[in-house]
Amino acid sequence: MEELRQATRLDAIEGRFDPWLLGVSIALACFGVVMVASSSIAIGEGLRVGPFYFLEKHLMFLAAGVALAATAMRTELKLVEKYNQLLLLACVALLLLVFVPGLGVRVNGARRWVNLVVLRFQVVEAVKVMYIVWLSSYLVRFRDEVNATWGAMLKPLGIAVALVALLILQPDFGSLSLILAITAGMLILGGVHLPKMAAPVVIGLPILAAIAIAEPYRIRRFTSFWNPWSDPFDSGYQLTNALMAVGRGEFWGVGLGGSVQKLSYLPEAHTDFIMAVIAEELGFFGVCLVVAMYALLAGRAFWIGYKCVGMRRHFAGYIAFGIALWMSLQSFVSIGVNFGMLPTKGLTLPLISSGGSSVLMTCAALGLLLRVSYEYERAQRQVALLRGEAQRTSP
């Protein structure tokens, strides 16, 4: 009877969503709304769809994303872990859907979207979330083997290569690079033997480089990245306009809404190159603010993951690690592309750039991350209760 009462008390304990994670997520989403409104007005008028067309779409997707996040925040992680194999199958199925006639949509020679009537959904955004959940579950089930045997280490790499092969067919070089980086990072954080990890990396990097230069448009991206001013009206057009926007912003910027480059000069000003608009309107100060918010988001996620692993809640910890790697790497690449530090990849700035699929799945991932923080806090309180009762009964 005493054990039953104790179990009831433990079940009654509730957790708390991490206030830092929740606060920075809301701040990024609100900042994104302001910048999408500022950067898309001229584009909407140019396309004759109205000045607030892209803002209204962004708000609609953000509302749907908040609903997804709320669902994830209320879902027990043990239920998510239970369906990890189905999530892996869903990853493969989604990447194959883009090749189904009538369902897959080709844009600018790439097949990355499926037509869901109400929107064109970029399937790789959902794949990122589901793949992180599957890999987290795998690292829990084979935690000891991953560090000791070649087979256990190579299996997730084989799965990643299979997903990468499907992404090459689309093609989507930016997303496949991100998935490979997340895989390597999670394996290292999961305890893989580093000398063994070096062999696949040494073999894989030349192959990846060969794939990168196999298409002429990728070669043009690399050459324009090294010297965009050599062809400012063709291959270097996007980057030269982005760099002019960054330079014009100086320290404090020209003021919110005052960007000139967004007036039909800078392509994709409200999506891939929204950071250049931020730099022009809010200057170096605004750029530092955005970088600080992403650093806080990723740093807090890594810290929560570390604490979860310390409490032997490995599945929750690995999910936190995976989402932290995703957000930090994608934001780093997006900012680097806007500032001419990296070749153009076509990756959006999480929660800030306009885009239906990206906004929806980023919100879902952050909801999952907040659930991890909730269950970690709940576990802490349960442990504190058990220790307190142990201290009272020991005398």
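Our subject in this report is the structure included herewith. Residue positions are counted from 1 within each chain, in the order its sequence is given. With the structure being a predicted model, the display of local features is reserved for residues of pLDDT at least 70 and the display and counting of side-chain atom pairs for 80 or more, all residues being used for whole-chain, interface and lining totals. In computing side-chain properties, one takes all heavy atoms of the structure into account and sets aside hydrogens as well as water.

A look at the overall build of the protein
Here is the rule we go by: Secondary structure elements are defined from DSSP: runs of H or I of at least 4 residues count as helices, runs of E of at least 2 residues count as strands, and each element is numbered from the N terminus. To sort residues, take the accessible area from a 1.4 Å probe on protein chains only and compare it with the maximum for the residue type: under 20% means buried, over 50% means exposed, and anything in between is partly exposed. We call two residues contacting when some pair of their heavy atoms lies within 4.5 Å. Charge assignment: positive for Lys and Arg, negative for Asp and Glu; neither His nor the chain ends contribute. By convention, the charge on Lys lies at NZ, on Arg at CZ, on Asp at CG and on Glu at CD.
Secondary structure summary: the protein contains 15 helices and three strands in total. Reported as C-alpha extents along the three principal axes, the dimensions of the protein are approximately 80 × 45 × 40 Å. In the protein, which comprises 395 residues, the proportion classed as buried is 48%. For the protein, contacts bridging at least 24 residues in sequence account for 72% of all contacts bridging at least 6. Computed over 32 positive and 24 negative side-chain charges, the inter-centroid distance for the protein is 5 Å.

Considerations on the nonpolar core
Note the threshold: By nonpolar core we mean a set of buried residues, namely Ala, Val, Leu, Ile, Met, Phe, Trp, Tyr and Cys, connected to one another through side-chain atoms within 4.5 Å.
One finds Phe121, Tyr131, Met186, Trp326, Ile352 and Val372 to be the most contacted residues of the largest nonpolar core, which totals 104 residues. Sequence-distant contacts of Val372, that is, excluding residues within four places in its chain, are made with Leu77, Ile304, Cys308, Ala316, Ile319 and Ala320.

Description of the pattern of salt bridges
Condition: In what follows, salt bridge is the name for a side-chain nitrogen of Lys or Arg lying within 4 Å of a carboxyl oxygen of Asp or Glu.
Taken as a whole, this structure holds nine salt bridges when the rule is applied. Linking Glu76 and Arg378 is a salt bridge whose minimum nitrogen-to-oxygen distance equals 3.1 Å. Of this pair, Glu76 sits in the loop between helix 3 (53–73) and helix 4 (77–82) while Arg378 sits in helix 15 (residues 356–393), placing them 302 residues apart in sequence. By relative accessible area, which is 26% here, Glu76 ends up partly exposed. Residue classification places Arg378 among the buried positions, given a relative accessible area of 16%. With a closest N to O distance of 3.0 Å, Arg371 and Glu375 form a salt bridge. Within this pair, Arg371 and its partner Glu375 are both found in helix 15, separated by four residues, close to a single helical turn. Comparing Arg371 with Glu375, the two get one shared label, buried.

Some thoughts on the layout of surface pockets
Here is the rule we go by: The rule is simple: put a 1 Å grid over the protein atoms alone, call a set of points where a 1.4 Å probe fits but cannot get out a cavity, call an open set with protein on both sides within 12 Å along at least five of seven lines a pocket, and count a residue as lining if it has an atom within 4 Å of a point. Grid points are joined across faces, edges and corners, and a volume is the space filled by probe spheres set on the points. Residue classes follow a fixed rule: Ala, Val, Leu, Ile, Met, Phe, Trp, Tyr, Cys and Pro count as nonpolar, while Asp, Glu, Lys and Arg count as charged, and any other residue, Gly among them, counts as polar.
The calculated volume of the second largest pocket comes to roughly 600 Å³. Every residue lining the second largest pocket is counted, 21 residues in all, and those nearest its centre are Leu180, Pro200, Gly204, Leu205 and Leu208. Elements supplying a minimum of two residues to the lining of the second largest pocket: helix 8 (150–169), helix 9 (173–189) and helix 10 (194–212). Examining the composition of the lining of the second largest pocket, we find that nine residues originate from one element, helix 10, more than from any other. Taken together, the residues that form the lining of the second largest pocket break down as 17 nonpolar, three polar and one charged.

Concerning the sheet that holds strand 1 (residues 104–107)
What counts, and what does not: Note on pairing: DSSP must find at least two bridges between two strands before they are called paired. To obtain an axis, a line is fitted to C-alpha atoms, over the contacting stretch when the element is a helix, and the angle between two such axes runs from 0 to 180 degrees between their N-to-C directions.
Judged by pairing direction, the sheet is antiparallel, and its three strands sit side by side in the order 1-2-3 without closing on themselves. The open sheet has two edge strands, strand 1 and strand 3 (120–122), and neither has a second partner. With direction set aside, neighbouring strand axes in the sheet form an average angle of 50 degrees. Across three bridges, strand 2 (residues 110–115) lies against strand 3 in antiparallel orientation. Paired with Trp113 across the strands is Gln122, a residue of strand 3. Relative to the sheet, helix 6 (residues 123–141) contacts strand 2 and strand 3, its axis offset from that of strand 3 by approximately 40 degrees.

Examining the pairing of strand 1
Direction of pairing for strand 1 relative to strand 2: antiparallel, over a ladder of four bridges. Counterpart to Gly104 in the pairing with strand 2 is Val114. The antiparallel pairing of strand 1 with strand 2 creates a hairpin that spans two residues between the two strands, and Asn108 there sits at a positive phi of about 55 degrees.

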